[in-house]
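Secondary and tertiary structure notes
Each chain, written out:
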Amino acid sequence: MSAEIIDGKAFAAKVRAKVASHVARLKADHDIQPGLAVVLVGEDPASQVYVRSKGKMTVEVGMNSYEHKLAADTPEADVLALIERLNNDADVHGILVQLPLPDHMNEDLVVNAVDPAKDVDGFSISNVGLLATGQKTMVPCTPLGCLMMLREHHGSLSGLDAVVIGRSNIVGKPMAALLLGDSCTVTIAHSRTKDLPDVVRRADIVVAAVGRAEMVLGDWIKPGATVIDVGINRIDAPERGEGKTRLVGDVDFDSAVDVAGAITPVPGGVGPMTIACLLANTVTACSRANGLKEPEGLTV
Ligand code: NAD
């Protein structure tokens, strides 16, 4: 039996449409235009691509996009001063500092300089603490997108066994906190986990966020389980021609699709949801900042 393919691209389009309609209402009813500021330091090519596509989608849903591109050798104090200005700018409702930052900067210091109310990445210590204690917060975009897809597919997640592979601060840990918040029984697996295949075999929900191409095999998956593949790995694809590459996830899709009940593809699964959730967080932050009702279904 072949798994249902969870179409992250189509779902992300729906989320963006919801964001756009809320933005339109904010403008029409309150004369408020949400704004997202992105700070990019340096010339990392992948970061430049991400920032361009974030800016484009921000404008497409009707929000203002403010891009601040700084040279790689910008002193940390200048970046902190810019963040302070954005914190105090009433037209900016969300601030995203594109990571990684150059080596001479203290990433924790810079990330925590962002006003938690505008921290649409949800990486600041106070937002992490609110998430961990089950309070209203800004939820990191990638795990938020995963949770939205899981809720859409399952309805209630209560009582399901979930295994999150990976314990990073940006994906694994917040993902586990969200699943716990939805009353799953959660296991966090990582590089030191003993007998990972056996741990994964117990799960009704598997979230793979490792960064190792096609590591999770079909015979690790419990029949009928839902598999969310966060990994983005570029591998050689000689079958497409000399020097060609392609993107794959952390799950071996071809073997997993025969066993799982549902699975996200790579590309076209979690990736598109991440940017959609960034836009969702920005409109949520804007509503909160203005004491207005939050859009439904765009946050937890
Ligand atoms: P990370 O490197 O910070 O963390 C990887 C985690 O995997 C670590 O906690 C580590 O313990 C665990 N790990 C490493 N080797 C392992 C093994 N052999 N067995 C079990 N666990 C192992 O990575 P990250 O930032 O969490 O990202 C993970 C993947 O998700 C990457 O491929 C990244 O590109 C991708 N990603 C995708 C999106 C998206 O929008 N789709 C967003 C963020 C990250």
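What counts and what doesn't
Residues numbered from 1 in each chain as written. Predicted model: local features only at pLDDT ≥ 70, side-chain atom pairs only at ≥ 80, totals over all residues. Heavy atoms only, no water. Salt bridge = Lys/Arg side-chain N within 4 Å of Asp/Glu carboxyl O. Buried < 20%, exposed > 50% of the residue type's maximum accessible area, 1.4 Å probe, protein only. Near = heavy atom within 4 Å. Polar contact = N/O pair within 3.5 Å; in protein donor to acceptor, adjacent residues only side chain to side chain. Areas by Shrake-Rupley, 256 points an atom, 1.4 Å probe, with all protein chains shown as cover. Helix = DSSP H or I, 4+ residues; strand = E, 2+ residues; numbered from the N terminus. Nonpolar A, V, L, I, M, F, W, Y, C, P; charged D, E, K, R; others polar. Domains from an automatic or database assignment. Contact = heavy atoms within 4.5 Å.

Applying the stated criterion across every chain, the model contains 10 salt bridges. The closest approach of N and O atoms between Glu 239 and Arg 246, which form a salt bridge, is 3.3 Å. Its relative accessible area of 57% is what places Glu 239 among the exposed residues. Glu 294 is the partner of Arg 288 in a salt bridge, and the nearest nitrogen-oxygen pair spans 2.6 Å. The network of salt bridges with common partners includes Lys 136, Arg 288 and Glu 294.

Turning next to the site of the ligand. Around the ligand there are 22 residues in total, and Arg 167, Ser 168, Val 230, Ile 232 and Thr 274 lie nearest to it. One of the backbone N or O atoms of Arg 167 is found 2.8 Å from an oxygen atom in the ligand. Between the ligand and Ser 168, the relevant distance is 2.5 Å, taken from an oxygen atom to a side-chain nitrogen or oxygen of the residue. With the chains in place, 72% of the 860 Å² that the ligand exposes on its own is no longer accessible. A total of 3 residues in the shell around the ligand trace back to one element, the largest contributor, which is helix H10 (residues 270–289). Across the shell around the ligand, the residue classes break down as 10 nonpolar, 10 polar and 2 charged.

This paragraph deals with the domain arrangement of the protein. One can read the domain layout of the protein as domain 1 (30–116) and domain 2 (141–272). Relative to domain 2, the C-alpha centre of domain 1 lies at a distance of 29 Å.

Glancing now at the side chain of Thr 74. Looking at the secondary structure, you find Thr 74 in the loop between strand S3 (64–70) and helix H3 (76–87). A residue is classified by how much of its surface remains accessible, and Thr 74, at 11% relative accessible area, is buried. Of note is the side chain of Thr 74, whose polar atom sits 2.5 Å from the backbone oxygen of Ala 71. Setting aside residues up to four positions removed in sequence, Thr 74 forms contacts with Val 41, Val 79, His 104 and Met 105.

Along the chain, Ile 263 falls in strand S11 (residues 262–263). Taking the C-alpha atoms as reference, Ile 263 lies 9.8 Å from Ser 2; in sequence the two are 261 residues apart. Each residue touching Ile 263, except ones within four places of it in the same chain, is listed here: Ala 3, Glu 4, Ile 5, Ile 6, Val 227, Val 251, Phe 253, Ala 256 and Val 257.

For the rest of this paragraph, the subject is unusual backbone geometry. Residue Pro 100 is bonded to the preceding Leu 99 through a cis peptide linkage, with omega at 5 degrees. With respect to the helices and strands, the residue Pro 100 is situated in the loop between strand S4 (94–97) and helix H4 (107–113). The omega torsion across Val 266 and Pro 267 is -5 degrees, close enough to zero to call that bond cis. Its identity as a non-glycine residue notwithstanding, Asp 195 has a phi of 50 degrees, on the positive side. Within the element layout of this structure, Asp 195 appears in the loop between strand S6 (185–189) and helix H8 (196–201). Positive phi is not limited to glycine here, since Glu 214 has a value of about 50 degrees. By the element assignment, Glu 214 lies in the loop between strand S7 (205–208) and strand S8 (226–229).

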